[in-house]
Amino acid sequence: MTEHPKNNPVYRYWVLVGMVLIAGFSQGMLLPVLAVMLEGSGVSSSANGLNAAALYIGIILISPFIEKPVRKYGYKPVIVVGLIILCISLMLFPLWQAFWFWFALRLIVGIADNLIHFSTQVWISTTSTPEKRGRQLSLYGLAFGMGFGLGPMMTRLLEVNDYLPFIVASSASVIAWIFMLFLKNEWPASDFETASQLNTITRYKKVLKLAWFALLPGFCFGYLEASLHGNYPVYALRMGIDIQFVTVFLLPSFVFGSLITQLPLGILSDKIGRSKVLLGLMASGMIIFFFMSFIEHIPSLLLSLFIIAGMLLGSLFSLGIAYLADLVPANLLPTGNVMTAVLFAVGSMIGPVVGGFLIEIVGQGAIYYSISAMLAVMFAAGLLFQIQLKKQNAINNQAA
């Protein structure tokens, strides 16, 4: 007799993976599609960047309040509510093309996406066996990356009708909702520690003291990803770069390049150390983005550099989490993960605003200089952290 889907853990896992793919798709679609539409309406690039930040404001605003409803009602109702909010919000975007209306809708989408992210991630974490948890969470991360990479391709549909990208994205949410109906609701174990239980100032201070640099790749990746998807379509329109080339090839190539090297870079970091790999990636990315400003008129070279940049920098977030686990005790990991997530959202807000401002002030090369300068600062911070670690180790050795 075939097991009912409600009781099948494999079915549940792949449905949850599908949830995050759809959440990633909605984020990846909204950034470039709305950027192109706002640019077409005559909105300044800096204001365009501010509008893009609204999604991440929503992520931060809802973060402290998700755990309580999950504990009270279970995972399934929270995910279903997130899907419904996401679907309705997506359908409302084309109805009224006003800056602050879109800002409010983007904020609501950020809230909906975080409801889906938090619930699915905790559900997978608490139901996976220890020997499968790493692999299953890696596939979960890859699903988000794939969704985020497919999203920008929806800009091509704007040529057909302004509603079409939003119809596709909201239809995907409806399909996900149907699959969710076949899942049995579950609740977190009563003794499961999540970040909101550990939100003391003391714990934040401990994580900062032990591993402040390990938190920065989250900020770095948020800044980078949101700048590319939020600013680059506007930059391309200003500089005369083919927008179809950007949204169909350039932006997806960065995301899919990152999927290729997730596992190899993780293995390399296990062998030679997380800090060396992170510093090497940041330095390489800084050089590559700076060099892009000189070859952007050669599409084949620009595409090649985008792929290489994705292969090098697409693993920053996961490597930062792994480095955090190397540096802090297990009881501080939930706190560190929340701090990383918040910094990712902060970076995602700051990136498009800084990039939009530089596009207006600097013009040609602005987006590359913005990302390259950020990576340079992160690299310098990494060197400072290594010096700090060596001093601390020397003090510990003397004390021993």
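Description of the structure in this document. What you are looking at is a predicted structure, and each value in this text was computed from that prediction instead of being measured. Position numbers for residues start from 1 in each chain and track the written sequence from start to end. At least 70 in pLDDT is required for a residue's local features to be given in this predicted model, at least 80 for side-chain atom pairs to be given and counted, and no such filter applies to totals for whole chains, interfaces and linings, which use all residues. Water and hydrogen atoms were dropped before computing side-chain values, which therefore reflect all heavy atoms in the structure.

### Examining the nonpolar core
- Residues Tyr-232 and Phe-289 are the most contacted members of the largest nonpolar core, which totals 115 residues.
- Numbering goes from the N terminus for both helices and strands, where a helix is a DSSP run of H or I of at least four residues and a strand is a run of E of at least two. It is helix H1 (residues 9-40) that provides the largest number of residues to this core, a total of 17 residues. Joining through side-chain atoms within 4.5 Å is the link that ties buried Ala, Val, Leu, Ile, Met, Phe, Trp, Tyr and Cys residues into a set, and such a set is a nonpolar core. Accessibility here uses a 1.4 Å probe with only protein chains present; expressed as a share of the type maximum, an area under 20% marks a residue as buried, one over 50% as exposed, and anything in between as partly exposed.

### Some remarks on helix H8 (residues 201-239)
- Taking 1.5 Å per residue as the helical rise, H8 with its 39 residues ought to reach 57 Å, whereas the 47 Å between its terminal C-alpha atoms falls clearly short.
- Along H8, the sharpest kink reaches roughly 90°, centred on Ala-211.
- Just past H8, the residue Gly-240 takes up positive phi, approximately 80°. Expected span of a helix: the number of residues minus one, times 1.5 Å. Values of bend correspond, residue by residue, to the angle between axes fitted over the seven residues ending at that residue and the seven starting there.

### Observations regarding the packing of helix H10 (residues 274-295) against helix H14 (residues 366-399)
- Axis definition: a line fitted to C-alpha atoms, over the contacting stretch in the case of helices. Angles run 0 to 180 degrees between N-to-C directions. Look at H10 against H14: their axes get within 8 Å of each other, and the N-to-C directions meet at 155°. Relative to H14, the element H10 is oriented roughly antiparallel. Remark: the crossing between H10 and H14 carries left-handed chirality. When H10 is examined against H14, the residues Ser-275, Leu-279, Met-282, Ala-283, Gly-285, Met-286, Phe-289, Phe-290, Met-292 and Ser-293 are found in contact with a partner set consisting of Tyr-368, Tyr-369, Ile-371, Ser-372, Leu-375, Ala-376, Met-378, Phe-379, Gly-382, Leu-383 and Gln-386.
- Tallied by class, residues from the contact of H10 with H14 come to 15 nonpolar, 6 polar and no charged. By the definition adopted for this analysis, an angle is roughly parallel if under 35 degrees, roughly antiparallel if over 145, roughly perpendicular if from 65 to 115, and oblique otherwise. Two helices cross in a left-handed way if the nearer one is turned anticlockwise from the farther one by less than a right angle. They cross in a right-handed way if the turn is clockwise. Contacts are assigned to residue pairs with any non-hydrogen atoms lying within 4.5 Å of each other. Classification convention: Asp, Glu, Lys, Arg as charged; Ala, Val, Leu, Ile, Met, Phe, Trp, Tyr, Cys, Pro as nonpolar; all other residues, Gly among them, as polar.

### Focus: the pattern of salt bridges
- A pair is scored as a salt bridge if a Lys or Arg side-chain nitrogen falls within 4 Å of a carboxyl oxygen belonging to Asp or Glu. One pass over the structure, following the stated rule, counts 4 salt bridges.
- We note a salt bridge from Glu-186 to Arg-12, for which the minimum N-O separation is 2.9 Å. Placement of the pair is Glu-186 in the loop between helix H7 (164-180) and H8 and Arg-12 in helix H1, with a sequence separation of 174 residues.
- The class for Glu-186 is partly exposed, based on a relative accessible area of 22%.
- Residue Arg-12 is classed as buried on the basis of its relative accessible area of 14%.
- We note a salt bridge from Arg-274 to Asp-326, for which the minimum N-O separation is 3.0 Å. Of the two residues, Arg-274 sits in helix H10 while Asp-326 sits in helix H12 (residues 316-327), which places them 52 residues apart along the sequence.
- Classification of Asp-326 by relative accessible area gives partly exposed; the value is 46%.
- Several salt bridges share partner residues, and in doing so they unite Asp-270, Arg-274 and Asp-326 into one network.

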